[in-house]
Structure formats: C-alpha cells, structure tokens
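Inside the fold
The chain contents come next:
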Amino acid sequence: MEKITGKWLAAVSGGPDSMALAAMCLEEGVEIEVAHVNYHTRNESDDEEKTVRLFCANHGIVCHVMNDAFDAQGNFEAAARSHRYRFFARIVQERNLQGVLVAHHQDDLIETFLMQSEKGIEPDWFGLRTDGMVGALRVKRPLLALRKGQLEEYCLTHGIKYHVDATNLEDCHARNRLRHHVVEPMGDFERNMVLREIDRLNAEKQERVCRVKAYIGQGRIDLSLYKRLAWQDRLTLLRQLESNGRQTSGKLHEVDKILMEKKDFFISFDGRRLVQENGKMFVIDEPLPYSFCYRSLGEIFEKGDQEWFQVAPGEPSVNAVTLRQEDFPMTIRSAREADKILMRFGTKPVHRFFIDRHVPLWKRKTWPVVVDRQGNVVLVSGLGCDINHFSIKPNLNVIQYSLM
C-alpha cells in the first residue's frame, strides 16, 4: 500500500476489501478513523456493523456509524452512494480529517474501465483515480495495485474477520456479470494489457487537458479556434468548462454539433447555459426573467442598478427616456417575444431590433425595456424611446449591462 500521511477517514463496510484496508493502515502506521454505513437492507447488515465496531474497539480506533433507516428512491446503488458520501463528507469536516480512504482494488479498476468501454463513455478519467474528489471531499484509493484475491488472502493470513455480501455473488447486475465472467478469469497477461491500455488513455487525456487549458482565457474560448480543433480536443475542452461533470458523451456530441454549425446559440449545459458573444463562447447561469416596479422617478434612482441593467440621470442617447408622473407606476423588465415600441418611423417589434443589431440569443433573455402603467413599451435600451417620451432633456437612462 502507498505511503499515506495525515489523518484519514477509512470507509469500512465489513467486507474483505475494506477490512484489509483498515488493517493495512494500522500495519503501515496510517492514522485513521472508521466510517461504517448500515443500510439495514440485508439480514447480515447488523452482524457486519458489529464486526466493524469490534475491530475498531480492539484497536482503539474511533468508529462512526450511520445506521438510520435508509429508503432509496429509484436507483438503489446511486442513492446509497450519495447517502454514504454525504456521511463521509460530514465526518471529514467535523473531525478535520484529510479525506476518505476507500478500498477499491485492481478488479474494480478494470471493471470500471470495461464498463466505460462497453457503454461507449468518454469519461473524465478512465477506470478509477488513485486520488480524486467527490464534490468537496477528497477521496483516496490506495489499493488499486492489489487484486481482490490478494486482499482476501491478507485477511485470512492475518486472522481478520470479514463478511461476504451474497448479492455480489449473483449475476443479476451487469457489473457482477462482468466481474464473474470476464475480470475474474483474466490471466496476468490479459490484466497487464488492460492496465497498460488504461494508463495509455489517461496519459493521452492528460496531455489533451494541458493543451486545451491554454485555449481557455478567463473561461472564454475563441469559437473559430474551437472549430479548428480535433474532436477529442473539442470534447476535452467542453469537459473543462463543466462545473458538475454531469454531461454524457452523447450530450457533448449534440453540443459540439451546434457549436460547429451555428453562429449563435443558447445551449443547456451542465445545469447552466453555453452562449456566445463577439465570437467568444462561455458558460453563464440560466438568465431568469426579471421585473421591477417603481412608483416614482426618485424610487428608480433610490433602488439603483440591478443585475442586468444600470440607471442614471438622463442624457440624450439611445438609452434615454423622458418619464412623466402619469407613466407611474412603471416597470423595468426583461424583454418579451411580443414586445413592440412606437418609434417615429413606425412600430418596431423588439425582436427585429435584436436581429438587426445581431444581439446574441442569451442577451435577448435579459435585455431591459421600460414599460408605462398602461403596459406600453416606452424605452428599449440601445434602440431608444417611443415618440411620446422623447425630449431634448430626458430624465432617465437605462443601460444594458454586458458580461463581456
């Protein structure tokens, strides 16, 4: 097992892998506390908890146990994983530990890689990382060089009691079938071939990551440069823009197709939006419609600037309007599809202004317009005011903000 410094939380289920991990930590002088989660889903659950508690008591290890009733909705494995990692994160934070040690081994590494390959996934990392993050929690896997059989043999040799989860022996899950019929029968040569392929792919991925990071300046990417990149580099670049890492390869293919074909776009991406302006693409939070109501001109200046626009005393410009008391209560809100404004040259749909001025799609969602008490649009920032609110001495400017 690799050298580990600092104090860690070891995730111990009571199976041979995690029991070997805890014992090896003691043998190597690694400071640990133990976390155990009892889901109460199997008859053996309570016996496993007792085994873990007894091991910790015999070795003077602090043991944290979560044994509240667990009722998973939907995918049990995914829900259980989220449940236990939230528990781990809380303990690590409360106890000021380095992170959590988990007992994934070489068989798990190979299984994960083969499942990624079978599903055609282009992951952030092939197989399993030795050291990584789950949210804000640092996760270390010190046993990836060891096979499951070696961990079982270690427990038997050192007299360490462990439990075998009977559900892992069944073929009802795809991972179990892969484990029993592909990974376990592998010889040394086949294993080494797979491990070398994992290393090769990850080395290539890291080289691409380093390369594409140079293309991202303050989170903004030149679209013309993006379109000249090879597909794998484009995929890696999109991965670098993610904050949650939840995009599937299929979704990234769809995003890439739009980026390669469209000059303007407003794409759902990683819970946010991928947009463009002036030939640069970047990610923003979902722009939400807004509406602010005012009873007087003084109230407008009192409340001041908002997220998507700023207000200022009137000066003649395409952002200026002359408001009268009969216009109040009036509203400054985001533009809507059906908005129109009566200009001196006729009625102009606001969406035509956006098209004529090449206003990016994302910015149209937040563009400010001023509406009087009758619901008439009297100012469109950047276009001007209607014929009934024009004067050489305007009393209000509403200026649209830009992220660029």
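Our structure's up above, just so we're on the same page.
Notes on the structure in this doc start here. Just so it is clear, the model here is predicted, and its values are computed rather than measured. (Residues numbered from 1 in each chain as written. Predicted model: local features only at pLDDT ≥ 70, side-chain atom pairs only at ≥ 80, totals over all residues. Heavy atoms only, no water.)

This part takes up the packing of aromatic side chains. Tallying each qualifying case throughout the model produces 11 aromatic pairs. Between Phe87 and Phe88 the ring centres are 6.2 Å apart and the planes differ by 40°, which places this aromatic pair in the tilted class. With a centroid separation of 5.8 Å and 70° between ring planes, the pair formed by Phe353 and Trp367 is classed as edge-to-face. You can see Phe353 sitting in helix α12 (residues 350-356) and its partner Trp367 sitting in the loop between α13 (361-364) and β17 (368-371), a full 14 residues away along the chain. (Phe/Tyr/Trp six-rings, centres within 6.5 Å; stacked < 30°, edge-to-face > 60°. Helix = DSSP H or I, 4+ residues; strand = E, 2+ residues; numbered from the N terminus.)

As summarised here, the arrangement of the four strands in space is β7-β10-β9-β8, forming an open sheet in which the pairing is antiparallel. Edge strands, defined here as strands with exactly one partner in the open sheet, are β7 (221-222) and β8 (266-269). Bridge count between strand β9 (residues 272-277) and strand β10 (residues 280-284): five bridges; the pairing is antiparallel. If you follow Arg273 over to β10, its bridge partner there is Ile284. Against the sheet, helix α10 (residues 249-261) engages β8, β9 and β10, with an angle of about 165° to β8. (Pairing = 2+ DSSP bridges. Contact = heavy atoms within 4.5 Å. Axes fitted to C-alpha atoms, helices over the stretch in contact; angles between N-to-C directions.)

For helix α3 (residues 76-95), built from 20 residues, the straight-helix expectation of 28 Å at 1.5 Å per residue is met to within 8% by its first-to-last C-alpha distance of 28 Å. Of the residues flanking the end of α3, it is Asn96, one or two places downstream, whose phi is positive at about 55°. (Expected span 1.5 Å × (residues − 1).)

On to the packing of helix α4 (residues 106-118) against helix α6 (residues 174-183), then. The geometry of α4 relative to α6 is characterised by a closest axis approach of 10 Å and an angle of 110° between their N-to-C directions. On the basis of the axis angle, α4 is roughly perpendicular to α6. At the point where α4 passes α6, the crossing takes the right-handed sense. Along its contact with α4, which presents Asp107, Asp108, Ile110, Glu111, Thr112, Leu114 and Met115, the element α6 presents Arg175, Leu178, Arg179, Val182 and Val183. For the contact of α4 with α6, a count of residues per class yields six nonpolar, one polar and five charged. (Parallel < 35°, antiparallel > 145°, perpendicular 65-115°, else oblique. Left-handed = near helix turned anticlockwise from the far one by under 90°. Nonpolar A, V, L, I, M, F, W, Y, C, P; charged D, E, K, R; others polar.)

Let us look at the sheet that holds strand β1 (residues 7-11). An order of β3-β2-β1-β4-β6-β5 is seen for the six strands of this open sheet, with the pairing classed as mixed. A strand with exactly one partner marks an edge of an open sheet, and here the two such strands are β3 (63-66) and β5 (131-134).

Bringing unusual backbone geometry into the picture now. Where the residue is not glycine, phi is negative for most of them; where a peptide bond is considered, it is trans in most cases. That bond from Phe328 to Pro329 is cis: its omega, 0°, falls within 30 degrees of zero. Inspection of the secondary structure puts Pro329 in the loop between β13 (320-321) and β14 (330-334). Although it is not a glycine, Asn278 sits at a positive phi angle of roughly 55°. By secondary structure assignment, the location of Asn278 is in the loop between β9 and β10.

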